[in-house]
Amino acid sequence: MEERMMHQVDETVARYGSTDEALVEILRDLSQQAGYLDRPTLAAVAKKLAVPESRVFSVASFYSMISVEPLGKHVIRMCQDAPCHVAGGRKIWETLEQALGIQFGQTTSDGQWTLMPTSCIGLCAVGPVMMIDDEVFGNLTPEKVNEILARYREQDGGAA
Amino acid sequence: MVYRAHILISGDAACIAKGARDVEAALWEAVQELNLKDEVQILEVSSLGHSDQGPEIVIYPDGTDYVNLTPEDAKFIIEEHLLKGRPVERLTYREPPSLPLPPPSEKEVRVVLENVGKIDPENIEDYIAMDGYMALGKVLGEMTPEEVIEELKISGLRGRGGAGFPTWLKWTLARNAPGDMKYVICNGDEGDPGAFMNRSVLEGDPHSVIEGMAIAAYAIGASQGYFYVRAEYPIAIQTLRAAIKQARDYGLLGEHIFGADFSFDLEVRMGAGAFVCGEETALMQSIEGARGMPRTRPPYPATAGLWGNPTNINNVETYANVPKIIHKGGSWFASMGTDKSKGTKTFAIAGKVERTGLIEVPLGMTIREIVYDVGGGVLGGKKFKAVQTGGPMGGCIPEQYLDLPVDYEHLKEVGSMMGSGGFVVMDEDTCMVDIARFFMEFTQDESCGKCVPCRVGTRRMLEILNRICAGEGRPGDIETLEELAVYIRDGSLCGLGQGAPNPVLSTLQYFRDEYEAHIYDKTCPAKVCKGLIEYKINPEACIGCTRCARNCPVNAIEGKPKQTHVIDADICIRCGVCKQVCPVDAVYVE
Amino acid sequence: MKSLEELRKIKERALERRKLAGEGAKSRITVAMGTCGIAAGARDTMKAVLNEIEKRQIADVVVTQTGCMGLCEYEPMVTIKIGEADEVTYGKIDAARIPTLIEKHLLGGEPVAEWQVQTAK
Ligand SMILES: Cc1cc2nc3c(=O)[nH]c(=O)nc-3n(C[C@H](O)[C@H](O)[C@H](O)COP(=O)(O)O)c2cc1C
Ligand code: FES
């Protein structure tokens, strides 16, 4: 576990360069890989870049795409801004909460899913919109949401 | 008797003319034949909404809508859908394939968007075919940096990212600033809700921005550039990275471009989800790997920017204009637009208009022309109420200014601003207090919290607006809002706080009566604010189809089939679903 | 890139290719693949185009992609250009509509009027 984390940190830092200017990107990338950044990871990054741990933590906690709390394997970000809301976002919101059995801001107990709101992602014309990790889905209907979730579950090895 | 399913058949005159009676008879027959008559109920209702495609039936509980039926179809549906549980896809109602869309307006002029949607963004040769990189070649081969800046001065190009600062002047400042290491940055953090012009350009014509940045770098004497793009735009980032790689492969980035003594390279930096990072000083903090918090200016980035070095920062669209200006000449560009606002501007036109999407028009076009000619008019022929420009720091412009030319100066005069190009059209059904509340919620949420007026002030304003919308407004609220607005505007560090009160101030200026109605009369004139409205069912019109009761998410509707339904106002959450699903428009708002 | 001359040569070559004749093709199908398109299902549309072309063994068609066409509400959007004729733009083309579109327009030469939309020039 420890070793894997160190390996991930090494690899990511190598990709972006071990300068403190790459800090935001390194943290975002690691956070996406591991779901979140725990204390040991933050410490490892600080050591690697030779910057104070407090600085790493303060940066990590500032940005909404970086998490210092455990997140699910897949993070769903659903747009909560007005244009999407008007286009039927509310129903999608409820469908997601129902399908995953959690509320926005929470993670499922099996660690598969985290549900988060996001602000406008510039796809208002095809709203309502959500992102699952890096993929975008628009013109959502409750049926479509269930289909998409099923597809991810299948890919993840049939874990329901 | 509890039925397993209900079949509603439309008894609309048009449906009957097309044979609804025969279909109904066939339904009865099939139900009898298959012994379903104790499980399935058939009800005739006055209309189901698509009488032009009748005969029409809707089967509940699932709500499947079948149209254009023959008696044979009816029989088949009973067998398949009700007996075997398989809805008959081919007979279901479908949205008409293409909604009647007003044709595009001749008034659009595409400069920045010329190639977007026409070329393959992942193929640099497509861009080159459209004269791409010719401007860079010309600049490096034939022009001095001073001449480049002079051409921009002639063009009159101003920043497209918000404030409208003259681009040539910004470049001159950066050029003249002492320092060996200089940078150019492209601001692609586009975070205004409802805006996506920059994304479209980055995804559709990335090379135009790359070329513009290279020209800027030559003009100010930089050799390194950064793209800052928000992480919510993964596809734009991917396209951009691919484009940069291709430009390198073709020798259009790197050492000695066009054989000249000029080297330039680019890196993409991804934002990590913070709206305030669109502000230039916060953005640079973020590139440097810190929390993205704005700092006071001066010093401006032109003299002390990235790592304290002279830096030129422009918006995506600003850069995308540059190659066109060099290629076709500054005076060509200056021939479009108004006296002080030259060229064209892209807008993401949204809200209640027929043609939403991405448009580009010469600056100085009137709001009326944009809404009615380019936008195809207000959706459903409703009445225009206001347009919101400038994003969350902009303002709402009322009907009396429909003939206002859209340019930097005029928008400011009426209390709004150009911003990055959001253009949200609102009709008579929009509550202006609710809109102001929405934008305040956004800025409050995105405030970075560094300075007190912005952090605390926006929260207080939001609390008051929430109260007003909930029907708990108090005398004096309006005055408090105005005081807070001035305090936040004058005391905040960056444009976010300084602009945050704008939506409230402009709606107070033009729609004060709506605030007063909320506070003193406890009514929402546009019938939007949930605390001030009640959904009711007109007993005369209700046909007892049970559709509303079944769709109500909180079970607030009582009523038996074929009997008038009633909404319990205490349980009702005012979601409006019942109004949407009622086939006979019996639900109304009071 | 060493000179403007070199750039001009690439431009000529690219123009030829865009004119179709340069690639020896008779027609071109373009799928709008901006984020708005992809969110509305453009990837599936693109897959369907490629499948259909393979299934019917159509040889002289170029399949390409482009960015946002400006009418995001009508995504996924597809254009078809045959020979010298004007390009025709279609809106709301999900994967299910591709077989019809290819059969009627690309092979039959008859644009499908009810799916057409007009975008700004
Ligand atoms: C809160 C805030 C958010 C901003 N967001 C953006 C943005 O998303 N994109 C942008 O180009 N400029 C944004 N700006 C303006 C930038 O600070 C800066 O003025 C601009 O990038 C300069 O480029 P221009 O001269 O080409 O307009 C924002 C400003 C503030 C105060
Ligand atoms: S409001 Fe949802 S993407 Fe813009």
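This one's a predicted model, so the numbers in the text were calculated from it and none came from an experiment. (Residues numbered from 1 in each chain as written. Chains lettered and ligands numbered in written order. Predicted model: local features only at pLDDT ≥ 70, side-chain atom pairs only at ≥ 80, totals over all residues. Heavy atoms only, no water.)

**What to know about the overall build of chain C**
Note the following rule: Only DSSP runs of H or I covering at least 4 residues are called helices, and only runs of E covering at least 2 are called strands; the numbering of each starts at the N terminus. The rule is simple: take the accessible area with a 1.4 Å probe, protein chains only, and divide by the maximum for that residue type; under 20% is buried, over 50% is exposed, in between is partly exposed. Every residue pair with non-hydrogen atoms within 4.5 Å of one another is taken to be in contact. Only four residue types enter the tally: Lys and Arg on the positive side, Asp and Glu on the negative side; His and the chain ends are excluded. For this purpose, a charge sits on NZ of Lys, CZ of Arg, CG of Asp or CD of Glu.
In terms of regular secondary structure, chain C is built from four helices and four strands. Reading chain C from its N terminus to its C terminus gives the helix and strand order α-β-α-α-β-β-β-α. Along the longest, intermediate and shortest principal axes, the C-alpha atoms of chain C span 45 × 30 × 25 Å. Taken across its 121 residues, chain C has 55% of its residues classed as buried. Taking the intrachain contacts of chain C between residues at least 6 apart in sequence as the baseline, contacts between residues at least 24 apart amount to 60%. Between the mean site of the 19 positive side-chain charges and the mean site of the 18 negative ones, chain C shows a separation of 4 Å.

**Considerations on the site of ligand 1**
Residues and elements named next belong to chain B. Defined as follows: Residues are labelled near a given molecule or strand when at least one of their non-hydrogen atoms is within 4 Å of it. Nitrogen and oxygen atoms within 3.5 Å of one another constitute a polar contact, given that in protein one can donate a hydrogen and the other can accept it, and given that sequence-neighbouring residues count only through two side-chain atoms. Per-residue and other accessible areas were derived by the Shrake-Rupley procedure at a 1.4 Å probe size, with only the shown protein chains allowed to occlude residues. Points on a 1 Å grid over protein atoms alone make up a cavity when a 1.4 Å probe fits among them but cannot get out, and a pocket when they form an open set with protein on both sides within 12 Å along at least five of seven lines; lining residues each have an atom within 4 Å of a point. Whether a molecule lies in a cavity or pocket depends on its atoms, and more than half of them have to be within 2 Å of the grid points. Gly is placed with the polar residues, together with every amino acid not listed as nonpolar (Ala, Val, Leu, Ile, Met, Phe, Trp, Tyr, Cys and Pro) or charged (Asp, Glu, Lys and Arg).
Of all residues adjacent to ligand 1, which total 20 residues, the nearest are Gly161, Lys170, Asn314, Asn315 and Thr318. Here an oxygen atom of ligand 1 and a backbone polar atom of Gly161 are 2.7 Å apart. Here Thr318 contributes a side-chain N or O atom positioned 2.7 Å from an oxygen atom of ligand 1. Considered on its own, ligand 1 offers 610 Å² of accessible surface; in the complex 91% of this is hidden by protein. One can see that ligand 1 is located within the second largest pocket. Mapped by element, the contributors of at least two residues to the shell around ligand 1 are β8 (311–315) and α19 (495–499). The leading source of residues in the shell around ligand 1 is β8, at three residues. Split by residue class, the shell around ligand 1 holds four nonpolar, 10 polar and six charged.

**Brief notes about the interface of chain C and chain B**
In many reports, interface size means the accessible area that the parts give up when they come together. Quick note on the threshold: Two parts placed together each lose some accessible area under a 1.4 Å probe, and the buried area is that loss summed for both. A pairing counts as a salt bridge when a side-chain nitrogen of Lys or Arg comes within 4 Å of a carboxyl oxygen of Asp or Glu.
Facing 39 residues of chain C, the contacting portion of chain B comprises 46 residues. At the boundary of chain C with chain B, total buried surface from both sides reaches about 3500 Å², with 54% on carbon and sulfur atoms. Taken together, chain C and chain B are joined by four salt bridges. In this structure, Glu125 of chain B engages Arg13 of chain C in a salt bridge whose closest nitrogen and oxygen atoms are separated by 2.3 Å. Of all the elements in the fold, those that place two or more residues in the side of chain C that touches chain B are α1 (4–18), α2 (35–39) and β2 (61–66) of chain C. Top contributing element to the side of chain C that touches chain B by residue count: α1 of chain C, with 10 residues. Split by residue class, the side of chain C that touches chain B holds 17 nonpolar, 11 polar and 11 charged.

**What about the domain arrangement of chain B?**
Defined as follows: Reported domain spans reflect what an automatic or database domain assignment gives.
Per the domain assignment, the segments of chain B are domain 1 (5–94), domain 2 (124–334), domain 3 (344–427), domain 4 (432–521) and domain 5 (534–589). For domain 3 of chain B versus domain 5 of chain B, the distance between C-alpha centres works out to 37 Å.

**Looking at α1 of chain C**
Every α-helix carries 3.6 residues per turn, so stepping three or four residues along brings you back to the same face. Quick note on the threshold: The span expected for a helix works out to 1.5 Å for each residue beyond the first. What the arc covers is the set of directions going from the helix axis to the C-beta atoms.
When the terminal C-alpha atoms of α1 of chain C are compared, their 21 Å separation across 15 residues agrees well with the 21 Å that a helix rising 1.5 Å per residue should span. Looking at α1 of chain C, one finds that the buried residues are Leu4, Leu7, Ile10, Lys11, Ala14 and Arg18 of chain C. The buried side chains of α1 of chain C occupy one side of the element, clustering within an arc of 115 degrees when seen end-on. Facing away from the buried side of α1 of chain C by over 90 degrees, the exposed positions are Lys9 and Glu12 of chain C. Contact partners of the buried residues in α1 of chain C: α4 (124–129) and α5 (134–142) of chain B together with β1 (27–32) of chain C.

**Points about the pattern of salt bridges**
Throughout the structure, instances matching the rule amount to 50 salt bridges over all chains. Two residues, Glu114 of chain B and Lys324 of chain B, come together in a salt bridge whose shortest N-O distance is 3.9 Å. Taken together, the residues Glu114 of chain B in the loop between α3 (71–83) and α4 and Lys324 of chain B in helix α12 (residues 316–328) connect sequence positions 210 residues apart. Lys324 of chain B gets classed as buried once you look at its relative accessible area, which sits at 11%. What emerges from the salt-bridge pattern is a single network uniting Glu21, Glu25 and Arg28 of chain A together with Arg241, Glu267 and Arg269 of chain B.

**Some points on the layout of surface pockets**
Residue and element names in this part refer to chain B. So the rule is basically this: Grid points are joined across faces, edges and corners, and a volume is the space filled by probe spheres set on the points.
By volume, the second largest pocket amounts to about 1500 Å³. Around the second largest pocket, the lining is made up of 50 residues, and of these Gly161, Gly162, Ala163, Arg297 and Gly495 lie nearest the centre. Among the elements of the structure, α7 (167–176), β8, α15 (408–413) and α19 are those that each provide at least two residues to the lining of the second largest pocket. Looking at which element gives the most residues to the lining of the second largest pocket, the answer is β8, with five residues. Grouping the amino acids of the lining of the second largest pocket by side-chain chemistry returns 16 nonpolar, 21 polar and 13 charged.

**Remarks on the packing of helix α18 (residues 477–491) of chain B against helix α21 (residues 512–521) of chain B**
Residue and element names in this part refer to chain B. Keep this limit in mind: Here the axes come from fitting lines to C-alpha atoms, over the contacting stretch only for helices, and the angles between their N-to-C directions go from 0 to 180 degrees. In these notes the angle categories are as follows: under 35 degrees is roughly parallel, over 145 is roughly antiparallel, 65 to 115 is roughly perpendicular, and the rest is oblique.
Their axes nearest at 10 Å, the elements α18 and α21 cross at an angle of 130 degrees. Judged by the inter-axis angle, α18 sits oblique to α21. In contact with Asp477, Ile478, Glu479, Leu481 and Glu482 of α18, α21 contributes Arg512, Tyr515, Glu516 and Ile519. Split by residue class, the contact of α18 with α21 holds four nonpolar, no polar and five charged.

**Structural notes on a nonpolar patch on the surface**
All names here are of chain B. This is how the line gets drawn: Patches here: salt-bridge-free residues with over 30% relative accessible area, like charges joined within 9 Å, nonpolar side chains (Val, Leu, Ile, Met, Phe, Trp, Tyr) joined within 5 Å.
Side chains of Val452, Val456 and Tyr487 sit close together on the surface and give an oily, nonpolar patch of about 240 Å² of accessible area. Residue placement: Val456 occurs in helix α17 (residues 452–469). Judged by its relative accessible area of 32%, Val456 is partly exposed.

**Focus: the interface of chain B and chain A**
Contacts between the two partners involve 40 residues from chain B, matched on the other side by 29 residues from chain A. Summing the contributions of chain B and of chain A, the shared interface buries around 2700 Å²; its carbon and sulfur component is 56%. The largest per-residue losses of area from chain B upon contact with chain A belong to Glu232, Ala272 and Arg291 of chain B, which jointly make up 21% of the total buried on that side. With its nearest N and O atoms 4.0 Å apart, the salt bridge here joins Glu25 of chain A to Arg241 of chain B. Put simply, chain B and chain A have 10 residue pairs in polar contact (both at pLDDT 80 or more) between them. Of all the elements in the fold, those that place two or more residues in the side of chain B that touches chain A are α10 (234–249), β7 (265–270), α11 (280–287) and α16 (432–446) of chain B. Sorting elements by how many residues they give to the side of chain B that touches chain A places α16 of chain B first, with four residues. The class makeup of the residues in the side of chain B that touches chain A is 23 nonpolar, six polar and 11 charged.

**Details of the sheet that holds strand β1 (residues 74–79) of chain A**
All names here are of chain A. To keep things clear, this is the line we draw: In this scheme, strands are said to pair when DSSP sees at least two bridges between them.
Strands sit in the order β2-β1-β3-β4 across an open sheet of four strands; the sheet is mixed. Of all strands in the sheet, those bounded by a partner on one side alone are β2 (113–118) and β4 (135–137). Averaged over all adjacent pairs, the angle separating strand axes in this sheet is 20 degrees, with direction ignored. Bridge count for strand β3 (residues 130–132) against β4 is three bridges, and the pairing is antiparallel. Of the residues in β4, the one forming a bridge with Met130 is Phe137.

**As for helix α4 (residues 53–62) of chain A**
Residues and elements named next belong to chain A. Taken as a whole, α4 has its buried residues at Val56, Val59, Ala60 and Phe62. Along α4, the residues classed as buried sweep out an arc of 160 degrees about the axis, all on the same side. Those residues of α4 that are buried lie in contact with α2 (23–34) and α3 (39–49).

**Looking at the nonpolar core**
The tendency in soluble globular proteins is for nonpolar side chains to be buried side by side. Stated formally: What we call a nonpolar core is a set of buried Ala, Val, Leu, Ile, Met, Phe, Trp, Tyr and Cys residues that are connected through their side-chain atoms within 4.5 Å.
The biggest cluster of nonpolar side chains holds 135 residues, and the ones touching the most others in it are Leu27 of chain A together with Tyr133, Trp171, Phe227 and Phe264 of chain B. Among the elements that line this core, the one with the most residues is helix α9 (residues 206–220) of chain B, at 10 residues. Setting aside residues no more than four positions away along its own chain, Leu27 of chain A makes contact with Leu37, Leu42, Val45, Val56, Val59, Ala60 and Ile66 of chain A. Among the nonpolar cores identified, the runner-up in size contains 33 residues, and Phe347, Ile359, Met426 and Phe439 of chain B belong to it.

**Let's talk about the pairing of β1 of chain A**
All names here are of chain A. Buried residues dominate β1, accounting for six of its six residues. On β1, burial covers both faces: His74, Ile76 and Met78 on one face and Val75, Arg77 and Cys79 on the other are all buried. Across three bridges, the pairing between β1 and β3 is antiparallel. Note that in β3 the partner of Ile76 across the bridge is Ile132.

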